[in-house]
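Here is what each chain is made of, one letter per residue.
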Amino acid sequence: MLPSMSRTYDYFVIGAGSGGVRSARIAAGLGARVGICEDNRMGGTCVNVGCVPKKLLVYASAFAGDFEDAAGFGWTVGERSFSWPDLIAAKDAEITRLNGIYRRILRTAGVTVHDGRGVLVDAHTVRVGDELITADHILVATGGRPWVPDIPGAEHGITSDEVFSLPEQPRRVVVIGSGYIGVEFAGIFHGMGSETTMIYRAGLPLRGFDEDVRACLAEEMDKRGITMLRDTHLSCMERRADGAIDVVLEDQEVVTADLVLFATGRVPNSAGMGLEDVGVELGPRGGIEVDGSYATSVPGIWAVGDVIDKVQLTPVALAEGMGLARRLFGGVRSRVPYEIIPTAVFSQPNVGTVGLSEADARARGAVRIYKSHFRPMKHTLSGRHERTFMKIVVDDASDVVLGVHMVGPDAGEIIQGFGVALTCGATKAQFDATIGIHPTAAEEFVTMRTPEPEG
Ligand code: NDP
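The present account deals with the structure reproduced in this document.

Cut-offs applied
- Note on numbering: residues in each chain are counted from 1, in written sequence order.
- Given that the model is predicted, a residue must reach a pLDDT of at least 70 before its local features are reported, and side-chain atom pairs must reach 80 or more before they are shown or counted; all residues, however, enter totals for whole chains, interfaces and linings.
- Calculation of side-chain values draws on the structure's entire complement of heavy atoms; hydrogens and water are dropped beforehand.
- Definition of nearness: a residue and a molecule or strand are near each other if at least one heavy atom of the residue lies within 4 Å of the molecule or strand.
- N or O atoms closer than or at 3.5 Å make up a polar contact, with two conditions inside protein: a donor-capable atom paired with an acceptor-capable one, and, for residues adjacent in sequence, both atoms drawn from side chains.
- Accessible surface is estimated by sampling points in the Shrake-Rupley manner with a 1.4 Å probe; for residues, cover comes only from the protein chains shown.
- Axes here refer to lines fitted to C-alpha atoms; in helices the fit is confined to the stretch in contact. Angles between the N-to-C directions go from 0 to 180 degrees.
- Each helix corresponds to a stretch of at least 4 residues labelled H or I by DSSP, and each strand to a stretch of at least 2 residues labelled E; elements are numbered beginning at the N terminus.
- For classification purposes, angles smaller than 35 degrees are called roughly parallel, those larger than 145 roughly antiparallel, those between 65 and 115 roughly perpendicular, and all remaining angles oblique.
- It is the rotation of the near helix from the far one that decides the hand of a crossing: anticlockwise by less than a right angle makes it left-handed, clockwise makes it right-handed.
- By the convention used here, residues are in contact when the closest approach between their heavy atoms is within 4.5 Å.
- Here, any two strands with at least 2 DSSP bridges between them count as paired.
- In the sections that follow, a salt bridge refers to a side-chain nitrogen of Lys or Arg positioned within 4 Å of a carboxyl oxygen of Asp or Glu.
- Exposure categories follow from relative accessible area, calculated using a 1.4 Å probe and restricted to protein chains: below 20% of the type maximum is buried, above 50% is exposed, and the middle band is partly exposed.
- We place a 1 Å grid over just the protein atoms. Points where a 1.4 Å probe fits but has no way out form a cavity, open points with protein on both sides within 12 Å along at least 5 of 7 lines form a pocket, and any residue with an atom within 4 Å of a point lines it.
- Grid points are joined across faces, edges and corners, and a volume is the space filled by probe spheres set on the points.
- Three classes are used: nonpolar for Ala, Val, Leu, Ile, Met, Phe, Trp, Tyr, Cys and Pro, charged for Asp, Glu, Lys and Arg, and polar for all others, with Gly counted as polar.
- Helix span, as expected, comes to 1.5 Å for every residue beyond the first.
- To qualify as a nonpolar core, a set must consist of buried Ala, Val, Leu, Ile, Met, Phe, Trp, Tyr and Cys residues joined through side-chain atoms within 4.5 Å.

**Brief notes about the site of the ligand**
Looking at the ligand, there are 20 residues lining it, with Ser-178, Ile-181, Arg-201, Arg-207 and Gln-312 nearest. Here an oxygen atom of the ligand sits 3.3 Å away from a polar atom, N or O, in the main chain of Tyr-180. One of the side-chain N or O atoms of Glu-184 is found 3.0 Å from a nitrogen atom in the ligand. If the ligand stood free it would expose 910 Å²; the protein chains cover 77% of that surface.

Here it is in structure tokens:
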């Protein structure tokens, strides 16, 4: 059947994930005629197989530790059991609710939703099913997908795309990789009572984070009982007759698991949508090449979010999508502050960070470092041997705070406010002049007075 020429828009968005939906809504609010297409569930990775269900699972797994801690406060917690299927059903219901909300938000904003996969035909035309859609501007916001290393037997492992719909809780879990997803899921499975091993090739988890943060998290995960196999490389994986999986390491050691989760990074979703055919340039990992205003190599085609392979974080995709829509339809120019991106890792304990690591700051000039390592007040009674770590990195010459880092309960919540402070260019003197909130862990950030001795 020949495609039918149907709709003309000012702005057509391919991909209804975080970046695409935000950009479409803002553009429609500025008076543009906007359409969006999606061939999966509304909301993209974040809503369906990322941030949202992950956080729900983190909450679920943290109860085990809370029950233990309660005893020190006089509580006797009775018989307890955990049902993975009940948790997954509750999570699924919530995600379905959010899918509906995303669709409603778009409709209310005046954006037309086309259910189906968008394929570029030319610089101003997209085919969705048997419809040809034309638009002055086309935004590609198709996100990314998990990447798995090419080792023999890798097909026996799963990725974060499948982990949220496992029918039952695995008894023994191997997590491969120690980035965001690796440390978060090692904590989730361990908290739920699965025997958990994290296998990673580096000396410390969370490459790119401050070294002290990395070391502190590794120590706390180890203390909680997660087996941390660092500096470890994989050889292959084999399925055993009993259904379990043997993960064979380079030194021929074998770790046997019921589930192997690859958390080995994500790559842009840019294949099979006509990008190369219309002349859009891609980088070596398949990311769409864009300039500072998210323009691709083809005038009229723009790209934001994970598909540009810059920063794979939902709030960054939101900022990019919003900035682009405002620029195209509101005449407003803004810039995403890539150098100051607050971020949290929902490991247990949490990691929260904004700005430069000590190593990155030192590469720019002389710094002052302030550190605090302490037992959180709650654990004076709970008896848990967990410590909280905080660190401030300051430019010595200007006194400007370059980085704030934390490993400890609620680090993600605490660091958000410091994101505002760093965005405003706060100095250490201004931190010192800030009144603390007592008794909190966060007040430590405004009471650290003595820099670490150099060397
Ligand atoms: P990351 O890039 O964070 O980490 C990838 C991990 O896989 C690293 O430990 C890396 O090792 C390891 N790795 C890569 N290649 C290989 C290989 N060939 N063999 C063995 N190990 C390998 O990716 P994730 O999958 O954890 O997450 C993807 C992205 O999603 C994150 O970077 C983040 O941007 C985003 N995300 C954000 C979250 C949040 O905001 N809380 C939560 C989850 C994801 P090495 O360290 O040695 O390079």
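**Observations regarding the packing of helix H3 (residues 51-70) against helix H6 (residues 180-191)**
Contact geometry for H3 and H6: axes closest at 8 Å, N-to-C directions at 40°. Judged on the interaxial angle alone, H6 and H3 are oblique. Considering only the axes of H3 and H6, their crossing is left-handed. Seen from H3, the contacting residues are Lys-54, Leu-57, Val-58, Ser-61 and Ala-64; seen from H6, they are Glu-184, Phe-185, Gly-187, Ile-188 and Gly-191.

**Points about the sheet that holds strand S18 (residues 351-355)**
Sheet architecture is open: five strands sit in the order S17-S18-S21-S20-S19, paired in antiparallel fashion. A strand with exactly one partner marks an edge of an open sheet, and here the two such strands are strand S17 (343-345) and strand S19 (367-374). Neighbour to neighbour, the strand axes of the sheet diverge by 10° on average, direction disregarded. The sheet contact formed by S19 and strand S20 (residues 388-395) spans eight bridges and is antiparallel. Residue pairing for S20: Phe-374 is matched across the bridge by Thr-388.

**Examining the pattern of salt bridges**
Here the structure, examined in full by the defined rule, presents 28 salt bridges. Between Asp-92 and Lys-91 there is a salt bridge whose closest N-O contact spans 2.7 Å. Between Arg-172 and Asp-258 there is a salt bridge, with its nearest N and O atoms 2.7 Å apart. Remark: Asp-258 occurs in the loop between strand S13 (254-257) and strand S14 (259-262) and Arg-172 occurs in strand S8 (residues 172-176); sequence separation between them is 86 residues. Given the relative accessible area of 17%, Arg-172 is considered buried. Residues joined in a network through salt bridges with shared partners are Asp-210, Asp-212, Glu-358, Arg-362, Lys-371, Lys-391 and Glu-454.

**Some points on the layout of surface pockets**
Of the volumes computed, that of the second largest pocket is approximately 1,000 Å³. Lining the second largest pocket are 43 residues, with Ala-62, Asp-66, Arg-224, Glu-386 and Pro-409 positioned closest to its centre. Of all elements in the fold, only H3, H6, helix H7 (211-224), helix H10 (378-382) and helix H11 (411-423) reach the threshold of two or more residues within the lining of the second largest pocket. Among the residues forming the lining of the second largest pocket, the class breakdown is 16 nonpolar, 13 polar and 14 charged.

**Quick notes on the side chain of Asp-10**
Note that Asp-10 resides in strand S1 (residues 4-14). Residue class for Asp-10 comes out buried when judged on its relative accessible area of 16%. A polar atom in the side chain of Asp-10 sits 2.7 Å from the backbone nitrogen of Arg-33. Sequence-distant contacts of Asp-10, defined by excluding residues within four places in its chain, comprise Gly-31, Ala-32, Arg-33, Ala-135, Asp-136, His-137 and Phe-329.

**Some remarks on the sheet that holds S13**
The antiparallel open sheet is built from three strands, whose spatial order is S11-S12-S13. Each of the sheet's edge strands pairs with one partner strand only, and the pair in question is strand S11 (234-239) and S13. When the angles between neighbouring strand axes are averaged without regard to direction, this sheet yields 20°.

**Points about helix H4 (residues 84-109)**
Counted at 1.5 Å a residue, the expected span for H4 with its 26 residues is 38 Å, and the 37 Å between its end C-alpha atoms agrees. A side-chain oxygen of the first residue of H4 lies 3.1 Å from the backbone nitrogen of Asp-86; this N-cap is Ser-83. Backbone geometry just downstream of H4 places Gly-110 in the positive-phi region, at approximately 90°.

**Some points on the environment of Lys-391**
When you line up the elements, Lys-391 lands in strand S20. Take Lys-391: its relative accessible area is 1%, and that puts it in the buried class. Spatially, the C-alpha atoms of Lys-391 and Met-448 are 9.0 Å apart, while their sequence positions differ by 57 residues. Beyond its immediate chain neighbours, meaning those up to four positions away, Lys-391 contacts Asp-210, Asp-212, Glu-358, Ile-369, Tyr-370, Lys-371, Gly-403, Val-404, His-405, Phe-445 and Met-448. Within the structure, the side chain of Lys-391 is placed 2.9 Å from the side chain of Asp-210, a separation counted as a polar contact.

**As for the nonpolar core**
In terms of nonpolar packing, the biggest core is built from 44 residues, with Phe-12, Ile-14, Val-34, Ile-36, Leu-120, Leu-139 and Val-140 touching the most fellow members. For this core, the elements supplying multiple residues, two or more each, are S1, helix H1 (18-29), strand S2 (34-38), strand S5 (125-128), strand S6 (131-140), strand S16 (301-303) and helix H8 (314-330). With residues near it in sequence (within four places) discarded, Phe-12 still touches Gly-35, Ile-36, Cys-37, His-114, Val-126, Val-128, Ile-133, Ala-135, His-137, Ile-138 and Leu-139.

Function cannot be inferred from these measures alone, as they are strictly geometric.
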